[in-house]
Amino acid sequence: MPRAPKAEKAKTPVESSKPKKAAKTVKAAKNDRPAARSGPVRVASSPRVSTRQPASPDELNELARLWEEFKQNEVSGAREGARERLILHYAPLVKYVASRVATGLPASVDQADLVSYGMFGLIDALEKFDPGRGNKFETYEIPRIKGAIIDELRAMDWVPRSVRFKAREIEKAYSDLESLHKRGPTEKEVAARLGVTLRELHEVINQISFVQVLQLDEILSVGSDRGEQVSLLDTLADRGTDPTTALEGEETRGLLAAAINSLSEREKIVVTLYYFEGLTLAEIGDILGVTESRVCQIHTKAVGQLRLQLVETE
């Protein structure tokens with residue numbers, strides 16, 4: 001009796017159809033790729049492309065209408081409204097210019113202050129700009145915002161511009177000489193580089209010593225790994241008097257006062273006028289009606305008695 005065909009042979013037609021189906025799937029996927037690449041969704045979702053797109057025609061028309069209302073109307077509510085909207089529109093540019101200016105300033109200068117200074121430059125640029133000439137307002141505005149910030153900083157600076165210039169020249173001379181000699185330059189070398197005498201260099205250094213101002217609460221990084229942070233106030237040396245030294249000084253002044261009170265009336269007057277009032281021996285002689293040599297004798301005798309009494313007290 002013949003055997004029935006195996007199950008594996010019955011599945012052969014089904015298995016032969018799988019590669020064809022897979023080939024169709026791959027082909028369909030290949031056909032779908034170009035559509036995914038060329039679709040507008042990919043371009044719109046890219047932040048780099050979207051930030052570079054120019055303003056829409058509606059926005060440009062609205063901006064032109066605001067400029068027209070602002071320039072044609074002299075004094076009206078429409079002009080003030082257009083002015084405020086223009087300021088709000090160009091305000092981000094003020095912040096951009098202020099951040100660029102702040103990069104060359106010390107950390108003590110607040111960027112918010114620079115933005116407020118730049119707003120005055122923006123308002124002045126709005127008043128003086130003429131849209132009829134066809135120029136972009138951004139090109140006209142940026143130099144005036146920067147100029148307003150710099151003018152305000154100069155008005156607040158207590159150091160003359162000449163001193164600032166000298167400080168930059170000395171700093172540049174030090175830097176050039178360090179690069180040339182591969183070491184720290186001497187004062188004579190710096191003076192020769194600047195073409196001045198050593199005395200003139202010292203005078204300039206004394207002038208620029210008041211240029212930089214530090215905040216006592218400024219945080220500094222110290223230590224080998226720069227991990228420890230302390231304030232500038234904590235790094236200053238404590239020059240206060242020791243309590244023991246202050247107590248000894250008060251005791252010495254008390255003993256000295258008691259010793260002066262033990263002197264005669266004329267000796268007490270001479271010591272008081274000479275050491276506390278700062279008069280000369282000749283001036284004291286005129287007050288007492290005696291000669292300068294006599295006053296010198298009284299002074300010598302009084303100092304000897306005071307010294308003797310203080311030694312005996314110790």
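Residues numbered from 1 in each chain as written. Predicted model: local features only at pLDDT ≥ 70, side-chain atom pairs only at ≥ 80, totals over all residues. Heavy atoms only, no water.

1. Overview of the overall build of the protein
Helices and strands together make up the secondary structure of the protein, namely 15 helices and 2 strands. By the burial criterion, 19% of the 314 residues in the protein qualify as buried. Here the protein displays about 23900 Å² of accessible surface, and carbon together with sulfur accounts for 55% of that area. (Helix = DSSP H or I, 4+ residues; strand = E, 2+ residues; numbered from the N terminus. Buried < 20%, exposed > 50% of the residue type's maximum accessible area, 1.4 Å probe, protein only. Areas by Shrake-Rupley, 256 points an atom, 1.4 Å probe, with all protein chains shown as cover.)

2. Some details on the pattern of salt bridges
Scanning the entire structure with this criterion turns up 7 salt bridges. Notably, a salt bridge pairs aspartate 124 with lysine 128, separated by 3.4 Å at the nearest N-O pair. Of this pair, aspartate 124 and lysine 128 both sit in helix α7 (residues 111–128), 4 residues apart, which is roughly one turn of that helix. With a closest N to O distance of 3.7 Å, lysine 301 and glutamate 267 form a salt bridge. Of the two residues, lysine 301 is situated in helix α15 (residues 292–313) and glutamate 267 in helix α13 (residues 265–276); the sequence distance between them amounts to 34 residues. (Salt bridge = Lys/Arg side-chain N within 4 Å of Asp/Glu carboxyl O.)

3. A short note on the packing of aromatic side chains
Tallied over the entire structure, the rule returns 7 aromatic pairs. Measuring from ring centre to ring centre gives 4.6 Å for tyrosine 90 and phenylalanine 137, while their planes differ by 55°; the resulting arrangement is tilted. Of this pair, tyrosine 90 sits in helix α6 (residues 77–102) while phenylalanine 137 sits in helix α8 (residues 137–156), placing them 47 residues apart in sequence. For phenylalanine 137, a relative accessible area of 4% puts it in the buried group. With 4.9 Å between their ring centres and 85° between their planes, tyrosine 274 and tyrosine 275 make a pair best called edge-to-face. Look at tyrosine 275 and you get partly exposed, because its relative accessible area is 46%. (Phe/Tyr/Trp six-rings, centres within 6.5 Å; stacked < 30°, edge-to-face > 60°.)

4. Some remarks on the nonpolar core
By size, the foremost hydrophobic cluster in this structure holds 21 residues, and its most contacted members are Trp67, Leu86, Tyr90, Leu122, Leu126, Phe137 and Ile149. Taken together, the elements giving at least two residues each to this core come down to α5 (57–72), α6, α7 and α8. For this core, the leading source of residues is α6, giving 8 residues. The contact partners of leucine 86, leaving out residues within four places of it in the chain, are Leu63, Leu66, Trp67, Phe70 and Leu126. Residues Ile170, Ala173, Leu177 and Val190 belong to the second largest nonpolar core, which totals 11 residues. (Core = buried A, V, L, I, M, F, W, Y, C linked by side-chain atoms within 4.5 Å. Contact = heavy atoms within 4.5 Å.)

5. Brief notes about the packing of α13 against helix α14 (residues 281–288)
Viewed as axis vectors pointing N to C, α13 and α14 meet at an angle of 140°, and their least axial separation amounts to 10 Å. Considering the angle they form, α13 stands oblique to α14. Crossing of α13 over α14 shows right-handed handedness. In this structure, α13 contributes Arg266, Ile269, Val270, Leu273 and Tyr274 to the contact, and α14 contributes Leu281, Ile284, Ile287 and Leu288. Taken together, the residues that form the contact of α13 with α14 break down as 8 nonpolar, no polar and 1 charged. (Axes fitted to C-alpha atoms, helices over the stretch in contact; angles between N-to-C directions. Parallel < 35°, antiparallel > 145°, perpendicular 65-115°, else oblique. Left-handed = near helix turned anticlockwise from the far one by under 90°. Nonpolar A, V, L, I, M, F, W, Y, C, P; charged D, E, K, R; others polar.)

6. With respect to the side chain of histidine 299
Structurally, the position occupied by histidine 299 is in helix α15. Judged by relative accessible area, which is 14%, histidine 299 ranks as buried. Excluding its chain neighbours within four sequence positions, the residues that come into contact with histidine 299 are Val270, Tyr274 and Tyr275.

7. Structural notes on the confidence of the model for the protein
The predicted model of the protein averages 75 in pLDDT, with 74% of residues at 70 or higher. Confidence, read as mean pLDDT per element, is least for helix α4 (residues 47–51) in the protein (32) and greatest for α14 (90). Contacts for the low-pLDDT stretch residues 4–54, under 50 throughout, to residues beyond four places or in other chains number 3 contacts. (pLDDT = per-residue confidence, 0-100.)

8. Brief notes about unusual backbone geometry
Backbone geometry places lysine 182, a non-glycine residue, at a positive phi of 60°. Among the structural elements, lysine 182 can be located in the loop between α9 (161–181) and α10 (187–194). Under the relative-accessibility criterion, lysine 182 is labelled exposed at 71%.

9. With respect to the side chain of glutamate 141
Residue position: glutamate 141 is located in helix α8. In this structure glutamate 141 is buried but unpaired, with arginine 144 as the nearest side chain of opposite charge at 9.9 Å. Contacts of glutamate 141, omitting those with residues within four sequence positions, involve Tyr90, Leu93, Val94, Leu122 and Ala125. (Lys, Arg positive; Asp, Glu negative; His and termini not counted.)

10. Points about the packing of α7 against α8
Helix-helix packing: each pair is described by the crossing angle between the helix axes and the interaxial distance. Interhelical geometry of α7 versus α8 gives an angle of 135° and a closest axis separation of 7 Å. Between α7 and α8, the interaxial angle falls into the category oblique. Two packed elements cross with a definite hand, and for α7 against α8 that hand is right-handed. From α7, Leu114, Tyr117, Gly118, Gly121, Leu122, Ala125, Leu126 and Lys128 reach across to α8, where they touch Phe137, Tyr140, Glu141, Arg144, Ile145, Ala148, Ile149, Glu152, Leu153 and Met156. Taken together, the residues of the contact of α7 with α8 sort by class into 12 nonpolar, 2 polar and 4 charged.

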